[in-house]
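Take a look at the letters that make up each chain.
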Amino acid sequence: MRSLLKIEGITKIFGGLTAVNDVSLTANQGEIIGLIGPNGAGKTTFFNILTGIYKPNAGRILFEDQLISGMKPFQIANQGFSRTFQNIRLLKEKSVLENVQVGMFRKTKAGLWASILALSSVKKEEQETIRKSLEILSLVGLDGMDEEISGSLSYGNQRRVEIARALVSEPKLLLLDEPTAGMNAEEVEEMSALIRKINANGTTVILIEHNVAMVVDLCDRLAVLDHGVKIADANPDEVIANPAVIEAYIGKDQVEEVSSFVEN
Amino acid sequence: MDSFINPYYIDIIVFLFIYIILGLGLNLITGYAGQVSLGHAAFYGIGAYTSAILTVKFGVNTWLAIFLAIVITFILSAILGLPSLRVSEDFLAITTLGLGLIIQSIFKNAEITGGAYGLDMIPAPSLFGLEIIDLSYLGLVLVMLLLAIFIMKRMTQSRIGRAWMTIHEDETVAQSMGINTTYYKVLAFAIGGAFAGAAGALFAHKVSYISADSFGFTLSATILSMVVLGGLGKIRGTILGVSLLYLLPELFRVFDIQLFDMKYLDLYKMMLYGMIMVLVMRYRPKGIFGNTSLKKRKKNRSSAKKKELRDGEIIA
Ligand SMILES: Nc1ncnc2c1ncn2[C@@H]1O[C@H](COP(=O)(O)OP(=O)(O)O)[C@@H](O)[C@H]1O
Ligand SMILES: [Mg+2]
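Residues numbered from 1 in each chain as written. Chains lettered and ligands numbered in written order. Predicted model: local features only at pLDDT ≥ 70, side-chain atom pairs only at ≥ 80, totals over all residues. Heavy atoms only, no water.

K.L.:
Can you lay out the coordination of the magnesium ion (ligand 2) for me, pointing to particular residues and giving the numbers?
P.N.:
Residue and element names in this part refer to chain A. Of the protein atoms, only Thr 44 (OG1) and Gln 86 (OE1) coordinate the magnesium ion (ligand 2), at distances of 2.0 to 2.1 Å. Highlighted residues: Thr 44 in helix α1 (residues 43-50) and Gln 86 in the loop between β6 (81-83) and α3 (96-103), separated in sequence by 42 residues. For Thr 44, a relative accessible area of 25% gives the class partly exposed. (Donors = N, O, S within 2.8 Å, 3.2 Å for Na, K, Ca; no water. Helix = DSSP H or I, 4+ residues; strand = E, 2+ residues; numbered from the N terminus. Buried < 20%, exposed > 50% of the residue type's maximum accessible area, 1.4 Å probe, protein only.)

Here it is as structure tokens:
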């Protein structure tokens, strides 16, 4: 398997707090990796380092064997990274379609003069942007919702818009930060199916999740963070069979949930 | 021909159009790209002085001077927009205010700008040997205004417009979508400044005499309240906002309404603008266009786009 992303010993310190502590992780082409751990473990911070929003205090990141730590977030995005945010960050007053069109930015080229003169190449590009956006909206299950104001959608649908915005640029790597937060069981099921579909198209996925049953079922590999330290990184069965991981880091009340899941 | 129409009315419309161009530039910077500017009058002044200096002191052809004024304000605005990359929103307001004051004091004190006296004898442009004044100047300004509206429309509806809109809303998201926020913020300042520069040059060749007093903070604040009244990020809003606030006081003058002493009209104007700003911010923070009409227009636009797309597919 070809490695797509290589994270080598990254550390992030906020004031006195080490939010991410010497974490290494490799993502292979075509994998779905689940990143789990209790609240405050440093998962979102880890994503923010990967996407260049935070500079790590130590460590380096290679993407397709190219050093990307130190690049600006937009440059990293242009390498083929897409992400969603834990606290949904849409342009709430804009339509669903407009939000997804923004996601096509890095796939389009029209410059200032070409746009003002509306050259035929620009018109074509805009049409392609809309076509692609509508296609992705239908993929994520938002057919016919493109004219809705995105802030007025349900929580679950707003997450879908965010995923559509991330997907429309055909990323090599998709980072999802708690995509099922606030969703009911049926919606979680749909989200799992969607992530599988995305992955089947060749996109490597890393997702942060609290729903252990879901990630165990969905992911090729699970990495567990606690207090900024990676304490496990193996296939899901191995990770959930590790009593220390379950007890200490997933939380006591979820132990039963997981074991009942394993029994079923 | 000219004698049919009171030249005073023509002047009112000429200045109105110039103000709309100026307002569109500010709307691009503040309304679309979300970068607060309290120094917009400085760009206006740079345009006016550049064109005036080139024609008066260097005998440059008026048309060429206007063109160069636009190019030079484009470049200077990009440089003056650089602070927007470093400071937060509140500080940007103060920074642009400060820059505006510094530039005005340069106008007032430099030798090349005629110091406190200003510049006189700024020529009107001419076409085929005919001087462009009064009604024909109105024509010129109208052409420039239509061009400005056209350019604004095309830019804001393109991927560049979407980049500005995203930066305005959430810079982290913009970066995550691969948008070089630095570049697009500076671009907004440069283009918005160039609009102001065009307006300034048109102003200079209209009045033939300029001095630093015309390019102070009062004007920056006035234009900002006009743009805010109409609604940030809306082209029609700027046209409407500038027209309302500019024409209202003029109506008192034209119809000779003796509500108050005309000597203090400028003072009343500032009070009116200030009051409107407060009321708009309190009751209609999105401008007098409000939200519903915006939504409707947007729906129409995106259905139109989809229809265009479907038709395109059928043809292809
Ligand atoms: N910008 C920041 N400044 C200071 N502390 C932060 C910042 N971002 C996150 N943290 C801290 O880092 C720790 C990890 O946070 P986070 O990565 O959001 O955890 P998780 O996503 O695993 O719940 C928390 O203690 C949080 O308070
Ligand atoms: Mg988090």
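K.L.:
Got a sec to walk through the environment of Asp 22 of chain A? Specific residues and values, please.
P.N.:
Residues and elements named next belong to chain A. One can find Asp 22 in strand β2 (residues 17-28). Distance in space between the C-alpha atoms of Asp 22 and Gly 144 is 46 Å, their sequence separation being 122 residues. Non-local contacts of Asp 22, meaning those with residues more than four positions away in its chain, are made with Gly 9, Ile 10 and Thr 11. (Contact = heavy atoms within 4.5 Å.)

K.L.:
Got a sec to walk through the sheet that holds strand β4 (residues 58-63) of chain A? Specific residues and values, please.
P.N.:
Residue and element names in this part refer to chain A. With respect to topology, four strands assemble into an open sheet ordered β2-β1-β4-β5, the strand pairing being antiparallel. Of all strands in the sheet, those with a lone pairing partner are β2 and β5 (66-67), marking the two edges. One ladder, built from five bridges, connects strand β1 (residues 3-14) with β4; its direction is antiparallel. Bridged to Thr 11 within β4 is Ala 58. (Pairing = 2+ DSSP bridges.)

K.L.:
Could you give an account of the side chain of Thr 166 of chain B, naming the residues involved and the relevant values?
P.N.:
Looking at the element boundaries, Thr 166 of chain B is found in helix α6 (residues 159-169). A residue is classified by how much of its surface remains accessible, and Thr 166 of chain B, at 0% relative accessible area, is buried. Polar side-chain contacts of Thr 166 of chain B include one of 2.6 Å to the backbone oxygen of Arg 162 of chain B. Those residues within four positions of Thr 166 of chain B in sequence are excluded, and the remaining contacts are Leu 91 and Val 102 of chain A together with Glu 171, Val 173, Ala 174 and Ile 179 of chain B. (Polar contact = N/O pair within 3.5 Å; in protein donor to acceptor, adjacent residues only side chain to side chain.)

K.L.:
Give a description of the packing of aromatic side chains that names residues and reports values.
P.N.:
For the structure on display, the rule yields 14 aromatic pairs over all chains. Judged by centre distance (6.1 Å) and plane angle (85°), the rings of Phe 203 of chain B and Phe 215 of chain B are edge-to-face. Pair noted here: Phe 203 of chain B is in helix α8 (residues 181-207) and Phe 215 of chain B is in the loop between α8 and α9 (217-230), with a separation of twelve residues, a long-range link. For Phe 203 of chain B, a relative accessible area of 13% gives the class buried. Its end group placed over the ring of Phe 85 of chain A, Arg 89 of chain A keeps NZ or CZ at 5.0 Å from the ring centre. (Phe/Tyr/Trp six-rings, centres within 6.5 Å; stacked < 30°, edge-to-face > 60°. Lys NZ or Arg CZ within 6 Å of the ring centre and 35° of its normal.)

K.L.:
Explain the domain arrangement of chain A residue by residue, including any values.
P.N.:
Residues and elements named next belong to chain A. Looking at the assigned domains, one finds that chain A contains domain 1 (1-80 + 172-264) and domain 2 (90-170). Placing a centre on the C-alpha atoms of domain 1 and another on those of domain 2 gives a separation of 27 Å. Residue-level contacts link 18 residues of domain 1 with eleven residues of domain 2. Applying the counting rule to domain 1 against domain 2 returns one salt bridge. With a shortest N-O distance of 2.6 Å, Glu 190 and Arg 160 are connected by a salt bridge. (Domains from an automatic or database assignment. Salt bridge = Lys/Arg side-chain N within 4 Å of Asp/Glu carboxyl O.)

K.L.:
Could you give an account of the pattern of salt bridges, naming the residues involved and the relevant values?
P.N.:
This model, assessed by the stated rule, comprises 16 salt bridges over all chains. Across the pair Arg 221 of chain A and Glu 31 of chain A runs a salt bridge whose closest N-O atoms are separated by 3.0 Å. Of the two residues, Arg 221 of chain A is situated in strand β9 (residues 221-226) and Glu 31 of chain A in the loop between β2 and β3 (32-36); the sequence distance between them amounts to 190 residues. Across the pair Arg 162 of chain B and Glu 126 of chain A runs a salt bridge whose closest N-O atoms are separated by 2.9 Å. Of the two residues, Arg 162 of chain B sits in helix α6 while Glu 126 of chain A sits in helix α5 (residues 120-139), which places them in two different chains.

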